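# Examination of the molecular architecture
Next come the chains, spelled out residue by residue.
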Amino acid sequence: MIYLNNAATSWPKPEAVYQTADTRLRQLSGSVNRGADKGSLNAGLAVLETRELLASFFNIREPENLIFTANATEALNLALQGLLEPGDHVVISSMEHNAVVRPLYALKNRGVDFTIVNCAADGTLDPRAVEKAIEPRTRLICLTHASNVTGTIMPIFEVGEIARRHHLQYLVDTAQTAGEIPIDVETAGITLLAFTGHKGLMGPPGTGGLYIRYPDAIRPLIYGGTGSSSELFNQPEIMPDKYESGTINAPAIAALGSGVKFIQETGLDEIRRHTLVLTAMLLEGLRQMPEVTVYGPAAEKRVPVVSINIRGIAAGEASAWLADHYEIVTRSGLHCAPLAHQTIGTLATGTLRLSPGYFNTPAEIEATLAAVRELVEVLRDA
């Protein structure tokens, strides 16, 4: 099997992630903040270690302000629903995922408004257009770090300067970039950072989180038991308990920590170098086929996400053909990002997405290109 669906979830994981998930599930017999036994204390220590690893990874000065969630979607909902009030205005790009768009449409019914800044046909964004969209009632700029459709990397540092200058909250969705390219919340001026654990960070599903620079500004999404200040009927204000009600998934979070350690040991530069080689190979080979339309910018301006369409066959049928004939795993459709497809002109058709990862090889990319060439020849002869 050739797995090219890392934009959905990374596979395989580093061996240490599997080992940690198995071992910790057996060993962490307690619940964080809910017991003085060895299992509970070890669970708490495992979660603390991963929290501190991630804080260092993103250059977060207050590890307790990094909140664990089940995924990036929950983190984005916590940020948007916890921050915004009736009358507030938000600026987003036209490449945002439904994890941003759908909460904003729901909040629109409560008096929150938003402006969509159009990106170019390759998904690139002009920061000046973001600044022009700011209104007196704007409270937040929300921006994906990289598109899950075209892979286009957004100018988060330039937009961060704009947010700083206008004293705005700045939410960045790093679902496609965490573990792939460096992210520094201080340099970028990020006040809210959402991440998922199961993609570039190489952790298990069911892990993610949100960094909150100003906790006083964000209401919890979920209220309940935290194992702390239990005498209070109100939600405790201490961090991170304020946002982590319920039993936390300590074994999965510990396994996420192993994924982060693997990235640190391997080096982000090495991971980026390798995936850039694979992406450039894909783009060069696909663009040599006249029947294939390739979307998005040059390799160095994107993460390893490549969307295409092949003349004469629907994206879903092409994905199924590659799976049936060569066990090549891809994804077709709208990828939960209709705004992005509207931007690049594929809302009616969707695309076939190929997303290599660190564990793919140049030989697998060559085999994939050969398979696409064969499919093109089959269609040509039909």
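Above this text you will find the structure in question.
Along the backbone of the protein chain there are twelve helices and 13 strands. Here the C-alpha atoms of the protein chain give a radius of gyration of 21 Å, agreeing with the 21 Å that 2.2 N^0.38 yields for 382 residues. Taken along its principal axes, the extent of the C-alpha atoms in the protein chain is 75 × 55 × 35 Å. Counting only contacts in the protein chain whose residues sit at least 6 apart along the sequence, the fraction spanning at least 24 positions is 68%. Only carbon and sulfur atoms are counted for the fraction: they give 53% of the accessible area of the protein chain, which is about 15,800 Å².

The next thing to look at is the pairing of strand E6 (residues 169–173). The element E6 is extensively covered by neighbouring structure, given that five of its five residues are classed as buried. Every second residue of E6 is oriented toward a common face, with Gln169, Leu171 and Asp173 on one face and Tyr170 and Val172 on the other, all of them buried. Two strands pair when backbone bridges link them, and strand E5 (residues 138–144) and E6 are joined in this way by five bridges, in the parallel orientation. Following the sheet pairing, cysteine 142 is matched in E6 by leucine 171. A crossover connection joins E5 to the parallel E6 through helix H6 (residues 156–165); in handedness this β-α-β unit is right-handed.

Right, let's talk about helix H4 (residues 98–108) for a bit. Residues of H4 that are buried: Asn98, Ala99, Val100, Val101, Pro103, Leu104 and Leu107. Summarising the contacts, the buried residues of H4 are in contact with helix H3 (72–83), strand E3 (89–93), strand E4 (113–117), E5 and helix H11 (338–344).

Attention now moves to the packing of helix H10 (residues 315–326) against helix H12 (residues 362–381). Following both chains from N to C, one finds H10 and H12 inclined at 115°, their axes separated by 11 Å at the closest point. Here H10 runs over H12; the crossing is right-handed. Residues Ala318, Trp321, Leu322 and Tyr326 of H10 pack against Ala371, Val372, Glu374, Leu375 and Val378 of H12. Class assignment for the residues of the contact of H10 with H12 results in eight nonpolar, no polar and one charged.

Turning next to the pattern of salt bridges. Taken as a whole and judged by the stated rule, the model has 16 salt bridges. Residues glutamate 85 and arginine 219 are paired through a salt bridge, measuring 2.7 Å at the closest nitrogen-oxygen approach. Placement of the pair is glutamate 85 in the loop between H3 and E3 and arginine 219 in the loop between strand E8 (208–212) and helix H8 (250–266), with a sequence separation of 134 residues. Arginine 219 sits in the partly exposed class, given a relative accessible area of 31%. With a shortest N-O distance of 2.8 Å, glutamate 291 and arginine 380 are connected by a salt bridge. Residue glutamate 291 is found in the loop between helix H9 (268–287) and strand E9 (292–295), and its partner arginine 380 is found in helix H12; the two are separated by 89 residues along the sequence. Looking at arginine 380, the relative accessible area reads 51%, which means it is exposed. One continuous salt-bridge network, built from bridges that share partners, spans Lys108, Asp113, Glu135 and Arg137.

In this section: the side chain of threonine 191. Structurally, threonine 191 can be placed in the loop between helix H7 (185–188) and strand E7 (192–196). What makes threonine 191 buried here is its relative accessible area of 5%. What threonine 191 contacts, discounting residues up to four positions off in sequence, is Gln169, Tyr170, Tyr211, Ile212, Arg213 and Tyr214.

Criteria and cut-off values
- Residues numbered from 1 in each chain as written.
- Predicted model: local features only at pLDDT ≥ 70, side-chain atom pairs only at ≥ 80, totals over all residues.
- Heavy atoms only, no water.
- Helix = DSSP H or I, 4+ residues; strand = E, 2+ residues; numbered from the N terminus.
- Rg over C-alpha atoms; globule rule 2.2 N^0.38 Å.
- Contact = heavy atoms within 4.5 Å.
- Areas by Shrake-Rupley, 256 points an atom, 1.4 Å probe, with all protein chains shown as cover.
- Buried < 20%, exposed > 50% of the residue type's maximum accessible area, 1.4 Å probe, protein only.
- Pairing = 2+ DSSP bridges.
- Right-handed = clockwise from strand over helix to strand, strands pointing away.
- Axes fitted to C-alpha atoms, helices over the stretch in contact; angles between N-to-C directions.
- Left-handed = near helix turned anticlockwise from the far one by under 90°.
- Nonpolar A, V, L, I, M, F, W, Y, C, P; charged D, E, K, R; others polar.
- Salt bridge = Lys/Arg side-chain N within 4 Å of Asp/Glu carboxyl O.

Such coordinate-based values are descriptive only and should not be taken to indicate function.
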